[in-house]
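Descriptive analysis of the structure
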Amino acid sequence: MAITDPHPVTSGFFRNHLYVLLGLTVFSTLLAAGGALPGLFWLAGVAAVLSYAGAVCWLYEAATPGRWILLLIAILCGWGAIVTARAPAATSSLAEKVLWWLDPLTSSWLLGGVFTAMLLGHWYLNVPGMALAPLQRLTLWGAGGLAARLLQWMVSFGLLLSANGGNLPEGWEFWVLHAGPGLLAVGPVLWMSWETLKIPNTQSATGILYVGVILTFLGEVASLLICKSAVLPL
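Quick summary incoming for the structure in this document. (Residues numbered from 1 in each chain as written. Predicted model: local features only at pLDDT ≥ 70, side-chain atom pairs only at ≥ 80, totals over all residues. Heavy atoms only, no water.)

The subject of this paragraph is a nonpolar patch on the surface. Among the surface-exposed residues, Trp79, Ile82, Val83, Leu94, Val98, Trp101, Leu102 and Leu105 lie close enough to one another that they form a single nonpolar patch of about 740 Å² accessible area. Only α3 (63-84) and α4 (94-126) provide two or more residues apiece to the nonpolar patch. At five residues, the largest contribution of residues to the nonpolar patch is made by α4. Its location among the elements puts Val83 in helix α3. According to the relative accessible area criterion, Val83 is partly exposed, its value standing at 38%. (Patch = residues over 30% accessible without salt bridge, like charges linked within 9 Å, V, L, I, M, F, W, Y side chains within 5 Å. Areas by Shrake-Rupley, 256 points an atom, 1.4 Å probe, with all protein chains shown as cover. Salt bridge = Lys/Arg side-chain N within 4 Å of Asp/Glu carboxyl O. Helix = DSSP H or I, 4+ residues; strand = E, 2+ residues; numbered from the N terminus. Buried < 20%, exposed > 50% of the residue type's maximum accessible area, 1.4 Å probe, protein only.)

Okay, here's the thing in structure tokens:
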């Protein structure tokens with residue numbers, strides 16, 4: 001949302017989804033307070049306060065502070081994703097450590113890009129007169145996240161194959177589930193959404209983006225299952 005131009009997009013889009021972020025960050029704060037995620041408590045708590053403050057800013061059409069607050073929330077949530085992710089082993093090489101650090105960020109980039117594009121597409125159903133440029137930008141942003149995520153997967157996969165003498169270790173089915181529906185299939189979906197916006201037909205593009213969200217979530221859930229035991233994030 002922080003990279004979305006607020007001039008053609010009405011403030012309700014930002015305000016309503018900041019309320020959603022408020023609920024998610026409060027829930028994360030409660031989880032962290034219970035000891036489940038100790039490194040997340042202050043990050044999630046501050047993000048919750050900022051989510052409320054941001055919603056107030058957009059309520060009064062204060063776009064500039066509202067966008068800065070969105071950027072701060074993104075930084076805090078990205079930091080939280082890193083501190084709660086699986087840490088690399090002490091014996092890991094520098095390349096392996098970098099891949100583990102990048103894993104939550106590329107995952108968030110892909111999920112955030114596709115999911116926010118879908119939400120913005122849905123907002124066009126409420127305000128059909130808005131310009132298409134913001135939705136096109138978010139579609140490209142999701143495509144960038146897909147490219148980064150796919151590149152990380154390829155590097156991790158190549159390193160694992162090299163370490164195993166070209167043989168696939170156990171659990172390769174989940175790798176295929178992540179790489180197939182969760183990554184490779186998302187590319188054509190984003191392309192179809194982009195082409196549909198040229199017609200233009202925001203309703204159909206939003207429906208296509210719904211499919212992209214489902215595929216992305218499927219792939220990232222498979223990735224979480226893999227990362228519980230894998231040597232590298234896949």
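This is not the end of the story, as more comes after the structure.
Attention now moves to the nonpolar core. Of all hydrophobic cores here, the largest spans 47 residues; its most connected members are Phe13, Phe14, Leu120 and Leu135. Counting only elements with at least two residues in this core, the list comes to α1 (11-33), α2 (41-59), α3, α4, α5 (133-163), α6 (172-184), α7 (186-197) and α8 (202-227). If one sorts the elements of this core by residue count, α4 sits on top with nine residues. Beyond its immediate sequence surroundings of up to four residues, Leu120 is in contact with Thr4, Val9, Phe13, Pro134, Leu135 and Leu138. (Core = buried A, V, L, I, M, F, W, Y, C linked by side-chain atoms within 4.5 Å. Contact = heavy atoms within 4.5 Å.)

Evaluation of the coordinates by the stated rule reveals three salt bridges. For the salt bridge of Glu220 with Arg149, the shortest nitrogen-to-oxygen distance reads 2.8 Å. In this pair, Glu220 is assigned in helix α8 and Arg149 in helix α5, connecting sequence segments 71 residues apart. No difference in accessibility class separates Glu220 from Arg149, as the two residues are buried. Note that Glu195 is salt-bridged to Lys198, the shortest N-O span being 3.1 Å. A relative accessible area of 30% places Glu195 in the partly exposed class. Residue class for Lys198 comes out exposed when judged on its relative accessible area of 53%. The structure contains a network of salt bridges with shared partners spanning Asp103, Arg149 and Glu220.

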